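Chain by chain, the residues run as shown.
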Amino acid sequence: MLTYDLIVIGFGKAGKTLAAKLASAGKKVALIERNKAMYGGTCINIGCIPTKTLLVAAEKNLSFDEVMATKNTITSRLNGKNYATIAGTGVDIIDAEAHFVSNKVIEIQAGDEKQELTAETIVINTGAVSNVLPIPGLSTSKNVFDSTGIQNLEQLPEKLGILGGGNIGLEFAGLYNKLGSKVTVLDALDTFLPRAEPSIAALAKQYMEEDGIELLQNIHTTEIKNDGDQVLVVTENETYRFDALLYATGRKPNVEPLQLENTDIELTERGAIKVDKHCQTNVPGVFAVGDVNGGLQFTYISLDDFRVVYSYLAGDGSYTLEDRLNVPNTMFITPALSQVGLTESQAADLKLPYAVKEIPVAAMPRGHVNGDLRGAFKAVVNTETKEILGATIFSEGSQEIINIITVAMDNKIPYTYFTKQIFTHPTLAENLNDLFAI
C-alpha cells in the first residue's frame with residue numbers, strides 16, 4: 001500500500017489548488033483523475049470556459065464548425081496547461097478510477113491494474129453530474145444530450161428543444177439561437193426566472209423572445225421517444241418534435257463512484273457529502289470540496305472551499321464557511337444577468353426597512369454609445385443602516401459591475417458612498433452614481 005500525506009480525488013478547482021500548494025510545501029501528494037479530458041475540472045473542460053468561448057465565437061458570426069473548433073482549441077490548451085502546472089509542483093497525477101475501501105484507504109484501478117493508497121488527509125473533489133429525471137425514454141433515446149454532449153455536436157440542429165429554464169438551459173438557448181437553431185425551451189416551472197427580480201425577468205423573457213427563442217412554462221414531460229432521428233417530447237397537452245434535445249434539469253453531487261458505503265462518511269438528505277465549517281466530513285481528515293459537498297455550483301465557490309481547507313491544514317483554521325459573505329452570480333444570456341444579495345421581495349419578506357431604485361439602460365449614455373439599450377439596474381438598500389441589501393445588473397458587462405457591488409456589501413460600505421464615487425466615463429458602471437441616489 002502506498003502512503004501519501006494528501007490524496008485528492010478529482011482534478012477540480014479546489015482539489016488541484018490544494019494539491020499544488022501542499023506539494024510545493026514539501027508534502028507527498030497524489031491527485032487521482034479518472035478522465036484525462038477533465039484535467040482542470042468542470043469549469044475548464046465542460047463548464048464555464050468552453051460555454052463562454054462558444055458564445056463569444058458565435059457572437060463573431062463564425063460558422064458552426066469554426067465555433068466548435070475554437071472551443072476545442074481553447075479547452076485543449078487549458079487542459080494541458082493545468083496538467084503541466086500541477087505536475088510541475090511535484091504532485092503524483094494518477095489516471096485511474098478511485099473508490100473507498102475504508103475511511104482512509106483508497107483503491108485505484110487503471111485497466112486491470114489495482115493499487116491501494118492511504119493518507120492521513122483525503123480530499124474528495126469529484127464535482128457534480130447531470131441530473132437525469134425519471135422520464136421514460138430520456139436516457140435511451142438518441143439525439144438527447146446533457147450539457148456536456150450538447151457542446152460536442154457534429155452538426156447544427158435545425159430545431160433544438162431544451163428541457164429546463166435555469167442557467168444552463170437558458171445559456172444554451174441563447175448560444176444555439178445565435179448559431180442558427182430554432183430553439184424551444186420547455187420549463188416545468190410556471191414562472192420564468194422565479195429567483196430574479198420580476199421586472200428584470202420580464203425584460204429577459206422579452207429579449208429572448210424577440211431574438212426568436214420560444215419560451216414555454218408549466219410544461220410537464222411524460223415521455224421522450226424517437227421518430228427516426230428526430231426526438232419527440234410528449235407532454236401532458238402536446239407533443240413537440242426536435243432534431244436534438246438538451247436536458248438541463250440540474251446537476252447533482254457525484255458521489256456514486258466513490259463507494260462511500262464502505263466508509264462512515266455521511267450524506268445530506270439531498271445526496272451531497274455532509275461537511276462542517278472547515279469542509280471536513282464526519283470522518284476526521286476527510287474533506288469534501290466543490291460541487292460534491294452540496295454548496296453553490298460555481299468554480300469560484302470551489303476556490304473558496306480551497307481557502308477554507310488550506311486555512312485548516314496549513315494555517316490556524318480561522319477562515320471557515322461561516323466567513324463566506326455575499327456570493328454574486330451571472331447568467332450569460334444576452335445581455336448578461338448578474339445578481340447579488342436580496343431581491344426586493346426577499347427584503348420585504350424579512351420585514352427590513354428598505355428602499356429600491358431601478359434605472360433602464362436606455363437612460364444610460366454608454367448604452368447609446370454601445371447601440372444596445374436593453375437591460376436595467378436595480379438596487380435594494382436598507383434605509384436605516386445604509387447597507388446595500390442586494391442588486392441586479394442586467395446589461396452588457398454586468399458580470400464585471402456586480403463585483404464592485406459585492407465588495408461594497410462585504411465591507412459594509414454604505415450605499416450613499418456610491419453617489420460620490422468617481423467613475424470613468426462613458427461606462428455603464430458610472431450609473432451606480434444614480435442607482436444609489438435613493
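Since this is a predicted model, take the numbers as computed values, not measurements.

Cut-off values and rules
Residues numbered from 1 in each chain as written. Predicted model: local features only at pLDDT ≥ 70, side-chain atom pairs only at ≥ 80, totals over all residues. Heavy atoms only, no water. Helix = DSSP H or I, 4+ residues; strand = E, 2+ residues; numbered from the N terminus. Contact = heavy atoms within 4.5 Å. Pairing = 2+ DSSP bridges. Axes fitted to C-alpha atoms, helices over the stretch in contact; angles between N-to-C directions. Domains from an automatic or database assignment. Salt bridge = Lys/Arg side-chain N within 4 Å of Asp/Glu carboxyl O. Polar contact = N/O pair within 3.5 Å; in protein donor to acceptor, adjacent residues only side chain to side chain. Nonpolar A, V, L, I, M, F, W, Y, C, P; charged D, E, K, R; others polar. Buried < 20%, exposed > 50% of the residue type's maximum accessible area, 1.4 Å probe, protein only. Patch = residues over 30% accessible without salt bridge, like charges linked within 9 Å, V, L, I, M, F, W, Y side chains within 5 Å. Areas by Shrake-Rupley, 256 points an atom, 1.4 Å probe, with all protein chains shown as cover. Lys, Arg positive; Asp, Glu negative; His and termini not counted. Charge placed at Lys NZ, Arg CZ, Asp CG, Glu CD. UniProt positions renumbered as here; feature names shortened; annotations may be inferred. Core = buried A, V, L, I, M, F, W, Y, C linked by side-chain atoms within 4.5 Å.

## Notes on the side chain of T343
- The topology assignment puts T343 in the loop between β19 (337-341) and α8 (344-349).
- Excluding its chain neighbours within four sequence positions, the residues that come into contact with T343 are R195, E197 and V380.

## Examining the sheet that holds strand β20 (residues 354-360)
- The five strands lie next to each other as β18-β19-β22-β21-β20, forming an open sheet whose pairing is antiparallel. Strands with a single pairing partner mark the edges of an open sheet, and in this sheet they are β18 (329-331) and β20. If you compare each strand with its neighbour and ignore which way they point, the axes differ by 10° on average.
- Helix α10 (residues 398-410) contacts β18, β19, β21 (376-382) and β22 (388-394) of the sheet and is inclined by roughly 175° relative to β22.

## Overview of the domain arrangement of the protein chain
- Entries for the protein chain in the domain assignment read domain 1 (2-128 + 251-323), domain 2 (144-247) and domain 3 (328-436).
- Averaged C-alpha coordinates put domain 1 and domain 2 at centres separated by 30 Å.
- Listed by partner, the interface residues are 17 residues for domain 1 and 16 residues for domain 2.
- Inspection of the region where domain 1 meets domain 2 yields one salt bridge.
- K52 is the partner of E171 in a salt bridge, and the nearest nitrogen-oxygen pair spans 3.1 Å.
- The interface formed by domain 1 and domain 2 holds four residue pairs in polar contact (both at pLDDT 80 or more) in total.
- If you list the elements that add at least two residues to the side of domain 1 that touches domain 2, you get α3 (48-59) and α4 (64-87).
- With seven residues, the single largest contributor to the side of domain 1 that touches domain 2 is α3.
- When its residues are assigned to classes, the side of domain 1 that touches domain 2 shows eight nonpolar, four polar and five charged.

## Details of the pattern of salt bridges
- Tallying each qualifying case throughout the model produces 14 salt bridges.
- Residue E120 pairs with K104 through a salt bridge whose shortest N-O separation is 3.4 Å. Taken together, the residues E120 in strand β6 (residues 113-124) and K104 in the loop between β4 (97-102) and β5 (105-110) connect sequence positions 16 residues apart.
- Residue classification places E120 among the exposed positions, given a relative accessible area of 60%.
- Among the residues examined, K104 registers a relative accessible area of 17% and is labelled buried.

## Description of a negative patch on the surface
- A contiguous patch of negative charge on the surface is contributed by E209, E210, E214 and E238.
- Classification of E210 by relative accessible area gives exposed; the value is 55%.

## Comments concerning the UniProt feature "domain: FAD/NAD(P)-binding" (unreviewed entry) in the protein chain
- Using the residue numbers shown here, the UniProt feature "domain: FAD/NAD(P)-binding" (unreviewed entry) corresponds to residues 4-300.
- Annotated as residues 4-300, this span is 27% helix and 28% strand, and its ends, taken at the C-alpha atoms, are 27 Å apart.

## A closer look at the nonpolar core
- One finds I162, L170, Y176 and L193 to be the most contacted residues of the largest nonpolar core, which totals 38 residues.
- Counting residues per element, the ones that place at least two in this core are α3, α4, β9 (159-163), α5 (167-179), β10 (182-186), α6 (198-210) and β15 (244-247).
- Apart from residues lying up to four places away in sequence, L193 is in contact with G165, L170, A201, A204, M331 and L337.

## Section: the sheet that holds strand β14 (residues 239-242)
- If you trace the three strands from one edge of the open sheet to the other, you get β12-β13-β14, paired in antiparallel fashion. In this open sheet, the two edge strands, each paired with only one partner strand, are β12 (221-227) and β14. Pairwise comparison of adjacent strand axes, ignoring direction, gives a mean angle of 20° for this sheet.

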